[in-house]
Amino acid sequence: MTINRRKFIKNLGIASLGVASSPSSIFANTHSSKHVVVIGGGFGGATAAKYLRLWSNGDIKVTLIDPLQQHTSCVMSNLVLNERQKLKNLRLYYETLKQKYGVEHLKDKVLDIDSYAQKIDLKHGESISYDKLIISTGIGFKKVSGHDFRKVPHAWIAGSQTNILKNQLAEMEAGDTFVMSIPKSPYRCPPGPYERACVVADMLKRRGGGNVIVLDANEGIQAEKHTFSKAFNGIYSNIIDYHTNVKINEVDSNAREVYTSDGTFEADVLNIIPNQKANRLLKTASLTDGDWAPVDPISYESTIFSNVHIIGDAQATNQPKSAHMANSQAKVCADAIVRSLYNLSIYSFERLENITTNSACYSPITYNEASWLTANFAYDGVSSMKLKHIGEAKEWSRENYKEMYAWANNLFFDSFY
Ligand SMILES: Cc1cc2nc3c(=O)[nH]c(=O)nc-3n(C[C@H](O)[C@H](O)[C@H](O)COP(=O)(O)OP(=O)(O)OC[C@H]3O[C@@H](n4cnc5c(N)ncnc54)[C@H](O)[C@@H]3O)c2cc1C
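In this text the structure is predicted, and so the values were computed from the model without any measurement.

A. Quick look at the environment of Ala 278. Within the secondary structure layout, Ala 278 lies in strand S18 (residues 276–278). You can call Ala 278 buried: its relative accessible area is 5%. Through-space distance from the C-alpha of Ala 278 to that of Val 246 is 22 Å; in sequence the pair is 32 residues apart. Discounting residues that sit within four places of it in the chain, Ala 278 has contacts with Gly 138, Ile 139, Gly 140, Thr 288, Asp 291, Trp 292 and Ala 314.

B. Fine view of the site of the ligand. Close contacts around the ligand come from 36 residues, with Asp 66, Ser 136, Arg 188, Asp 313 and His 324 the closest. Interatomic distance of 2.7 Å between a side-chain N/O atom of Ser 136 and an oxygen atom of the ligand. Contact between the ligand and Lys 321: an oxygen atom at 3.4 Å from a main-chain N or O atom of the residue. Surface burial for the ligand is 94%, taken as the share of its 1000 Å² of free accessible area covered by protein chains. Taken together, the elements giving at least two residues each to the shell around the ligand come down to helix H2 (43–55), helix H9 (323–341) and strand S22 (356–364). When residues are assigned to domains, the shell around the ligand turns out to be shared by domain 1 (5–140 + 277–349) and domain 2 (147–274), each giving three or more.

C. Spotlight on helix H6 (residues 192–206). With 15 residues, H6 extends 21 Å from end C-alpha to end C-alpha; this agrees with the ideal 21 Å at 1.5 Å per step. Most of H6 sits inside the fold, with 13 of its 15 residues counted as buried. One or two positions beyond H6, positive phi appears at Gly 208, with a value near 115°.

D. Broad picture of the confidence of the model for the chain. Summing up the model confidence of the chain, the mean pLDDT is 93 and the portion of residues at 70 or higher is 92%. Low confidence marks residues 1–30, where pLDDT is under 50. Its contacts with residues over four positions away, or in another chain, come to 61 contacts.

E. Here's a closer look at the packing of aromatic side chains. Overall, the coordinates contain 13 aromatic pairs when judged by the stated rule. When the ring of Phe 232 is compared with that of Tyr 242, the centres are 5.5 Å apart and the planes differ by 65°; the resulting orientation is edge-to-face. In this pair, Phe 232 is assigned in helix H7 (residues 225–233) and Tyr 242 in strand S13 (residues 240–243), connecting sequence segments 10 residues apart. Given the relative accessible area of 25%, Tyr 242 is considered partly exposed. Taken together, Phe 43, Tyr 94, Phe 412 and Phe 416 form an aromatic cluster joined through their ring pairs. Between Arg 84 and the ring centre of Tyr 367, over which it is positioned, the NZ or CZ distance is 4.2 Å. In this structure, Lys 230 packs its charged tip against the face of Trp 396, placed 5.1 Å from the ring centre.

F. Layout of the pairing of strand S6 (residues 110–114). Two elements, S6 and strand S7 (residues 119–122), share four bridges in a ladder whose sense is antiparallel. Paired with Asp 112 across the strands is Asp 121, a residue of S7. Connecting S6 to the antiparallel partner S7 that follows it, the hairpin turn spans four residues, and Gln 118 within it adopts a positive phi of roughly 55°.

G. Looking closely at the packing of H9 against helix H11 (residues 398–416). Across the interface, H9 lies against H11 with an axial gap of 11 Å and an inter-helix angle of 35°. In this structure, H9 meets H11 at a crossing whose hand is left-handed. Contacts from Ala 323, His 324, Asn 327 and Lys 331 in H9 reach Trp 407, Leu 411, Asp 414 and Ser 415 in H11.

H. A look at the domain arrangement of the chain. Taken as a whole, the chain is organised into domain 1 (5–140 + 277–349) and domain 2 (147–274). Here the C-alpha centre of domain 2 lies 32 Å away from the C-alpha centre of domain 1. Taken together, the 16 residues of domain 1 in the interface contact 20 residues of domain 2. Together domain 1 and domain 2 conceal approximately 1600 Å² of surface at their shared face, both sides included; 66% is due to carbon and sulfur atoms. Contact with domain 2 buries surface across domain 1, with Asn 78, Leu 81 and Ile 139 losing the most and accounting together for 39% of the total. Linking domain 1 to domain 2 there are one salt bridge. A salt bridge links Arg 188 to Asp 313; the shortest N-O distance between them is 2.5 Å. In this assembly, domain 1 and domain 2 are joined by five residue pairs in polar contact (both at pLDDT 80 or more).

I. Structural view of H7. Taken as a whole, H7 has its buried residues at Thr 227, Phe 228, Ala 231 and Phe 232. One side of H7 holds all its buried residues, which, seen down the axis, span an arc of 120°. In H7, those exposed residues whose orientation departs by more than 90 degrees from the buried face are Lys 225 and Asn 233. On its buried face, H7 is in contact with H6, S13, S22, strand S23 (370–379) and strand S24 (385–392).

Analysis parameters
Residues numbered from 1 in each chain as written. Predicted model: local features only at pLDDT ≥ 70, side-chain atom pairs only at ≥ 80, totals over all residues. Heavy atoms only, no water. Helix = DSSP H or I, 4+ residues; strand = E, 2+ residues; numbered from the N terminus. Buried < 20%, exposed > 50% of the residue type's maximum accessible area, 1.4 Å probe, protein only. Contact = heavy atoms within 4.5 Å. Near = heavy atom within 4 Å. Polar contact = N/O pair within 3.5 Å; in protein donor to acceptor, adjacent residues only side chain to side chain. Areas by Shrake-Rupley, 256 points an atom, 1.4 Å probe, with all protein chains shown as cover. Domains from an automatic or database assignment. Expected span 1.5 Å × (residues − 1). pLDDT = per-residue confidence, 0-100. Phe/Tyr/Trp six-rings, centres within 6.5 Å; stacked < 30°, edge-to-face > 60°. Lys NZ or Arg CZ within 6 Å of the ring centre and 35° of its normal. Pairing = 2+ DSSP bridges. Axes fitted to C-alpha atoms, helices over the stretch in contact; angles between N-to-C directions. Left-handed = near helix turned anticlockwise from the far one by under 90°. Buried area = accessible area lost by both parts, 1.4 Å probe. Salt bridge = Lys/Arg side-chain N within 4 Å of Asp/Glu carboxyl O. Arc of directions from axis to C-beta.

Next comes the structure, spelled out in structure tokens:
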């Protein structure tokens, strides 16, 4: 299949959500010699795989590697905790990527990458070669002494841990104490932990009261400051006890106690969300500098190895670690890769001027009300992404709560369907 150059160029600048043109055909068979391997089928990886196929008109062979049959969305997973959402509804399957766009899904785990030979090693299958590699494997956690995830779940990667925490919370009674920690920035989903504090405070309030002790490693609220300050000091002032600059020293997972720079806290339910770093594979493959993987935001190509691109939570730019942002970065990255594989410049003035990314998070504040946060970035013309606009809901509302579902469905659809 030869690529339709005009249509292909027309589609390239489009980086925002839900605006890609539909494929005119089913891309069932690929005979191209160009092969892009995508590691990690979460928000970043799934979006990149889909748009590579769309924007190359099905010419590029795309192999998506993830050990799971489907991805479970962290987005909306705090709502599993108060049983307003079921985990099974947050499962996003790879079938449409396969059937509709011709993405090949390989159910395996990548153990290492040979960036010189352009090959990856799999846990079960034989090693595979790539022309371009995209990695979107998300986060890993820094070790906390005594922390056993099965007893004290972080529930910061949606799945079995979300259900463990949900079951523990279901047993809480009036007067009980929930203790949670907030990791040092940068971490996955800046408003997410504050949102979780509100969700649990609301549950306890409806059961007759209780305590939510929030141990923040940062010097203050990291996102939606106006909203969360108002909630913590207003409707939840009798429940939420917010501490700043707290260092977690050790956890007793059996006793549900946490030893910190601010003293010892005992909990009926303990939720330690550890400090974070790029998923382990990035370090194994020597793609990190410190905790995260440095990239050039005009293509998300690693600044350490060429032909390796890193998007989503694992990369080191100043943009928030969110699913919406991973989706946005995936499109910039797919655009750059398609251009590069067809010998078109990624440095055209028109393109550089139009590199924008955006992020949005909706946060449930009460049982049926939510707030939102949005941030837009644009390429600074030199080397980094510059924050252009940040917006926050004036107040939490039922209307926002409804919009949260529409926004999430749009994001799920644009990334996986
Ligand atoms: C409670 C909570 C609420 C959130 N709410 C929002 C929100 O409202 N809005 C928003 O935009 N974001 C939200 N987020 C953040 C969002 O979920 C993440 O930022 C997003 O998932 C990051 O995408 P990613 O592609 O980098 O990683 P992920 O989506 O985590 O995907 C990583 C994938 O890589 C795979 N993988 C890992 N290692 C390997 C390997 N070695 N080989 C092969 N595959 C591998 C995993 O199986 C996984 O499928 C929330 C997060 C949490 C925890």
